[in-house]
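# A closer look at the structure
Letter by letter, the chains look like this.
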Amino acid sequence: MREVFSEVDLVDSAVRGKLNLKVLYSSWLQRVPIDFAKAVWCRLTTPKHRFILWQSVLGHLLTRDNLIQCQISVDSSLCPVCERVEETHHHLFFDRIFSQQVWELTKLWLGYGIWPKQFDEWKKWLDGKPKNIMHHIAVASLAAAVYGI
Ligand SMILES: [Zn+2]
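Every chain begins its residue count from 1, and numbering advances along the sequence as written. Confidence filtering applies because this is a predicted model: local features only for residues at pLDDT of at least 70, side-chain atom pairs given and counted only at 80 or more, and all residues used for totals across whole chains, interfaces and linings.

### What about unusual backbone geometry?
Going by this rule: Per the convention used, a helix needs a DSSP run of H or I reaching at least four residues, while a strand needs a run of E reaching at least two, with both numbered from the N terminus. We call a residue exposed when 12 or fewer other C-beta atoms sit within 10 Å of its C-beta, buried when the count reaches 20 or more, and partly exposed for counts in between; the C-beta positions come from the backbone.
At Arg-16, a residue that is not glycine, the phi angle is positive and equals roughly 50°. Structurally, Arg-16 is set in the loop between strand 1 (14-15) and strand 2 (18-19). If you check the backbone angles, Glu-83 has positive phi at about 55° while not being a glycine. Position of Glu-83 among the secondary structure elements: in the loop between helix 5 (64-69) and helix 6 (89-95). A residue is classified by how many C-beta atoms lie within 10 Å of it, and Glu-83, with 9 of them, is exposed.

### Some remarks on helix 4 (residues 47-57)
Put simply, the rule is: Each C-beta atom gives one direction from the helix axis, and the arc is the one those directions make.
Listed as buried for helix 4 are His-49, Arg-50, Leu-53, Ser-56 and Val-57. For helix 4, the angular spread of buried residues about the axis comes to 135°, placing them on one side. Exposed residues pointing more than 90 degrees away from the buried face of helix 4 are listed as Pro-47 and Lys-48. A positive phi of about 75° marks Gly-59, the residue just after helix 4.

### Considerations on the packing of helix 7 (residues 97-110) against helix 9 (residues 133-148)
As a reminder of what qualifies: Between the N-to-C directions of two axes lies an angle of 0 to 180 degrees, each axis being a line fitted to C-alpha atoms and, for a helix, fitted only over the stretch in contact. Our angle categories are set so that under 35 degrees counts as roughly parallel, over 145 as roughly antiparallel, 65 to 115 as roughly perpendicular, and the remainder as oblique. By convention the crossing between two helices is left-handed if the near helix lies anticlockwise of the far one by an angle smaller than a right angle, and right-handed if it lies clockwise. Whether two residues are in contact depends on their C-beta atoms, placed from the backbone: they are in contact if these lie within 7 Å. Gly falls in the polar group here, along with every residue not listed as nonpolar (Ala, Val, Leu, Ile, Met, Phe, Trp, Tyr, Cys, Pro) or charged (Asp, Glu, Lys, Arg).
Interhelical geometry of helix 7 versus helix 9 gives an angle of 160° and a closest axis separation of 11 Å. Taken together, the axis directions place helix 7 and helix 9 in an arrangement best described as roughly antiparallel. Along this stretch, helix 7 crosses helix 9, giving a crossing that reads as right-handed. In this structure, helix 7 contributes Val-102, Trp-103, Thr-106 and Leu-110 to the contact, and helix 9 contributes Ala-138, Ser-141, Ala-145 and Gly-148. Per-class residue counts for the contact of helix 7 with helix 9 are five nonpolar, three polar and no charged.

### Description of the nonpolar core
The condition is simple: Residues enter a nonpolar core if they are buried, belong to Ala, Val, Leu, Ile, Met, Phe, Trp, Tyr or Cys, and are joined to the set through C-beta atoms within 7 Å.
Val-40, Leu-53, Leu-126, Val-139, Leu-142, Ala-143 and Val-146 are the most contacted members of the largest nonpolar core, which has 15 residues in total. The contact partners of Ala-143, leaving out residues within four places of it in the chain, are Thr-45, His-49, Arg-50 and Leu-53.

### Let's talk about the domain arrangement of the protein chain
Rules: The split of the chain into domains comes from an automatic or database domain assignment.
If you check the domain split of the protein chain, you get domain 1 (1-32) and domain 2 (38-58 + 88-148). Centre-to-centre, using C-alpha coordinates, domain 1 lies 29 Å away from domain 2.

This is the structure:
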C-alpha cells in the first residue's frame, strides 16, 4: 500500500479524521489510466465474474504472495495445490495444468487461434479488440473461466 499511495493521498482520503477507502480507491482509479476497464465491466458478463476478473487483472486477489506482502500470516507461501512454488497470480492462472487446460478449452470453444497467456496480454487483448458482440462474448467467457479457476 505504501508503494502505491503517498502520505498526501492518505490525508486527502480522510473524511472527518478517518480514512475513507472508497475515496482513496477512487483517487487511485483516476490517476491510473486503465484502458481495459470498459471491457472488464461489460454488462454481458455476470457481476461476480466481472469483479473477480477485475481483481485478477489488477493482481489484487488474495493469493498467498499478496497476503504475505500485506503482512498477513499464512502457514506457507506455497501453492496449496502443487506445493512446489509460491502461489502468485501468474502461477494460479498460467502455470498450473488445470488453468492451462481451462484456457485451451475456452480458446477452442470460442474458435480462437490465439489466446492471451499473460496479464499484460490480457489487458491488451481486452482493450484491443473491436467492440462487437463477439468481443463481449469472449470477455464474458474469459471472466467465467477466471472465476472458475
Ligand atoms: Zn501450484
